[in-house]
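Spelled out from the first residue to the last, the chains are:
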Amino acid sequence: MTKQSSLFKVDHEDFRDENPFMEIFRMYLKNYSAVLGLLVLLLIVFISLIGPFIYSVDPFEMVWLPFTHPGEQGFILGTDYLGRDLLAQIIHGGKVTLAVGCSAALLSVVIGITIGSLSGFYSGWIEELLMRITEFFQVLPTLLFSMVIVALFGASLPVITFAIGIVSWTAVARITRAEFLRIRELEYVTASRSVGARDIYLIMRVILPNALPPIVVQATLMVGSAILFEAGLSFLGLSDPNVMSWGAIMGNNRQYILQEGFVLMYPGMAIFMTVLAISLVGDGLNDSLNPKLRKR
Amino acid sequence: MQFISLTLKRVGFGVVLLLIVLILNFFLMHLAPGDIADTIAIDAGGADEEMMDAIRKDYGLDLPIWEQLLKYLAKVAVLDLGYSFYYNISVTDLILERLPATLLLVISAQLLAITVGVVLGVIAARNPQGITSHFVTVLALVGYSAPVFWTGIMLIILFSSILPIFPIGGLMDVSIEREGFAKMLDILHHLVLPSITLASIFVALYSRLARASMLDVLGSDYVRTAKAKGLSEFLVVYKHALRNALLPVVTMAGMVFSGVISGAVLVETVFSWPGLGTLAVQAILARDTPTILGILFFSSFVVVVANLLTDMLYRIIDPRIRTSND
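Source: prediction; values computed, not measured.

Examining the pattern of salt bridges
Residue and element names in this part refer to chain A.
So, point 1. Counted under the stated rule, the structure contains seven salt bridges over all chains.
So, point 2. For Arg 132, the salt bridge goes to Glu 128, with nearest N and O atoms at 3.2 Å. Taken together, the positions of Arg 132 and Glu 128, both in helix 6 (residues 125–139) and four residues apart, correspond to about one turn of that helix.
So, point 3. Its relative accessible area of 34% is what places Arg 132 among the partly exposed residues.
So, point 4. On the basis of relative accessible area, Glu 128 is assigned to the partly exposed category, the value being 44%.
So, point 5. Residue Arg 182 pairs with Glu 179 through a salt bridge whose shortest N-O separation is 2.9 Å. Of this pair, Arg 182 and Glu 179 both sit in helix 9 (residues 170–183), three residues apart, which is roughly one turn of that helix.
So, point 6. The class for Arg 182 is partly exposed, based on a relative accessible area of 45%.
So, point 7. Members of the salt-bridge network, linked through shared partners, are Glu 128, Arg 132 and Glu 135.

Here you go:
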């Protein structure tokens with residue numbers, strides 16, 4: 001690409017009339033399943049943020065008999081094993097699930113980009129050391145390790161977020177490193193190196209912005225897997241007892257699978273729909289950010 | 001010869017990884033609030049300062065930290081992972097007792113996921129625009145997005161409650177004494193739902209991978225040669241192409257092993273499967289630290305061994321990389 005532009009004089013004005021973000025957005029809109037995913041996701045975020053104000057039943061309050069079936073007594077989704085309103089629990093649980101998912105994903109993306117970019121930029125002992133650390137975290141059984149951290153340091157939201165983020169960054173690190181290894185050999189990097197750019201400038205301003213597309217896609221998918229991770233921990237009983245989350249609703253009602261399956265079905269459905277919507281958005285971003293790499 | 005030295009190098013690296021897990025375990029144990037003396041004091045219903053000191057001295061907690069670390073490592077080297085106060089049994093015995101059930105679940109789920117995944121992937125690759133191909137794409141999305149414990153619960157509701165074909169959980173039916181073949185059949189009957197559940201996360205992954213690598217291989221020269229020789233389509237696909245298309249699947253099977261163990265913890269909990277996962281959850285709720293850390297170490301060990309085995313399997317399938325380094 002750089003070679004071509006040095007051989008042929010390209011009229012850059014042709015490309016300037018559209019903002020690159022608009023172009024990505026236009027590509028994205030062509031993908032119907034990705035648009036559907038985005039709409040569903042926005043709806044879920046909207047319900048989780050605004051819902052508690054509109055449907056103001058306290059999710060912890062016992063409002064009626066346990067296991068009232070959906071639709072009876074005016075409870076749209078019924079009540080749980082303590083007679084608490086399931087719809088209120090799901091509406092309130094969304095906020096916590098989404099917040100933990102996003103912040104844990106953010107943490108893992110920050111760790112992953114740091115380790116991936118350093119190990120891709122430098123060679124020698126730094127690369128060796130960071131690669132070994134990455135391999136170590138790949139061997140570690142992630143869920144068990146997070147369970148240990150939460151069990152030892154207490155089930156509060158910050159600990160849970162940390163426990164998820166600290167074990168989930170290896171995929172981001174691998175992708176970042178692969179991009180850095182590719183880009184650091186390109187001509188424009190050599191060019192800025194030759195005019196005396198320092199390492200930190202090369203990493204942050206020259207290479208990283210060009211490595212971002214696949215990292216953005218991976219970061220989106222990370223939110224989905226962090227939500228699944230949080231749900232798993234809560235399902236096992238390792239959730240903050242002061243807040244409601246979708247996994248915790250399922251964990252609380254776990255013993256009643258055979259008697260009253262619906263209490264377990266709806267919260268699981270909420271997790272499933274959210275992660276599915278995020279995956280669709282991730283796939284859509286992948287196609288619109290890398291139109292050339294579109295899969296067969 | 002080089003095969004052996006490479007394998008030794010891998011083993012050495014695995015040992016180093018496990019050593020790091022142990023050191024991490026040790027520091028987690030020390031960073032966590034409360035120690036053995038506190039646990040015993042709470043169990044005994046209270047103890048004075050003097051008695052607490054005596055207990056700490058008994059367990060070597062008054063020694064400098066590096067000395068404690070060395071002692072811990074020396075104990076683990078002879079497979080002594082400590083004593084579980086909750087179960088009143090040594091942690092090693094406890095883990096060895098539960099390990100077979102977990103291995104049975106994990107291995108059967110992996111085999112099921114790989115078989116179904118590869119078959120779907122190959123069918124999809126032979127007709128990239130066909131219905132199976134779209135099915136694989138949808139399956140990949142659903143398999144990734146559904147929480148595995150929810151999948152398990154839905155299967156229980158469908159196949160144990162509405163249609164009572166399979167038991168709702170456990171390793172075997174304890175109400176009837178069975179021996180030999182009948183016992184084996186009973187365990188297999190109990191295994192069906194848990195292994196399908198655990199496999200459901202990974203079928204999609206393998207089928208997508210098998211589809212992509214099969215498409216690559218089917219376009220290569222040697223496949224065209226095989227076709228030109230007049231071999232049947234079936235022989236070309238399943239004898240010539242499949243062997244090469246399997247390579248990425250084998251690599252992936254090794255890479256996701258720690259993920260399989262994580263999934264197994266959740267699946268075991270849903271199906272009350274008496275393996276390491278349910279043990280870990282019980283130990284955590286009972287604050288039984290030696291058992292928790294013992295399981296963490298042991299499952300890392302299983303992952304390292306699985307990685308070594310896939311690495312060797314890979315070299316056996318593909319003679320080209322048998323001797324080259326990485």
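Having seen it, we continue.
Observations concerning the domain arrangement of chain B
Accessible area lost upon the coming together of the parts is a frequently used measure of interface size.
Residues and elements named next belong to chain B.
So, point 1. Examined at the domain level, chain B breaks down into domain 1 (13–77) and domain 2 (92–325).
So, point 2. A straight line from the C-alpha centre of domain 1 to that of domain 2 covers 37 Å.
So, point 3. Each side of the interface is counted separately: domain 1 has seven residues, and domain 2 has seven residues.
So, point 4. Buried surface at the junction of domain 1 and domain 2, both sides included, amounts to about 720 Å², of which 86% is carbon and sulfur.
So, point 5. There are zero salt bridges connecting domain 1 and domain 2.
So, point 6. For the pair domain 1 and domain 2, the interface holds one residue pair in polar contact (both at pLDDT 80 or more).
So, point 7. Broken down by element, the side of domain 1 that touches domain 2 gets its largest block of residues, six residues, from helix 1 (residues 2–31).
So, point 8. Taken together, the residues that form the side of domain 1 that touches domain 2 break down as five nonpolar, two polar and no charged.

Thoughts on the interface of chain B and chain A
So, point 1. At the junction of the two partners, chain B supplies 49 residues and chain A supplies 43 residues.
So, point 2. Together chain B and chain A conceal approximately 4200 Å² of surface at their shared face, both sides included; 80% is due to carbon and sulfur atoms.
So, point 3. Of all residues in chain B, the largest losses of buried area upon contact with chain A belong to Tyr144(B), Phe149(B) and Trp150(B), amounting jointly to 14% of the total for that side.
So, point 4. Linking chain B with chain A are zero salt bridges, by the criterion used here.
So, point 5. Across the chain B-chain A interface, the total number found is six residue pairs in polar contact (both at pLDDT 80 or more).
So, point 6. For the side of chain B that touches chain A, the secondary-structure elements that each account for two or more residues are helix 1, helix 6 (131–145), helix 7 (148–162), helix 8 (180–218), helix 11 (257–270), helix 12 (276–285) and helix 13 (289–317) of chain B.
So, point 7. Of all the elements, helix 13 of chain B adds the most residues to the side of chain B that touches chain A, at ten residues.
So, point 8. Split by residue class, the side of chain B that touches chain A holds 37 nonpolar, nine polar and three charged.

Definitions and cut-offs
Residues numbered from 1 in each chain as written. Chains lettered and ligands numbered in written order. Predicted model: local features only at pLDDT ≥ 70, side-chain atom pairs only at ≥ 80, totals over all residues. Heavy atoms only, no water. Salt bridge = Lys/Arg side-chain N within 4 Å of Asp/Glu carboxyl O. Helix = DSSP H or I, 4+ residues; strand = E, 2+ residues; numbered from the N terminus. Buried < 20%, exposed > 50% of the residue type's maximum accessible area, 1.4 Å probe, protein only. Domains from an automatic or database assignment. Contact = heavy atoms within 4.5 Å. Buried area = accessible area lost by both parts, 1.4 Å probe. Polar contact = N/O pair within 3.5 Å; in protein donor to acceptor, adjacent residues only side chain to side chain. Nonpolar A, V, L, I, M, F, W, Y, C, P; charged D, E, K, R; others polar.

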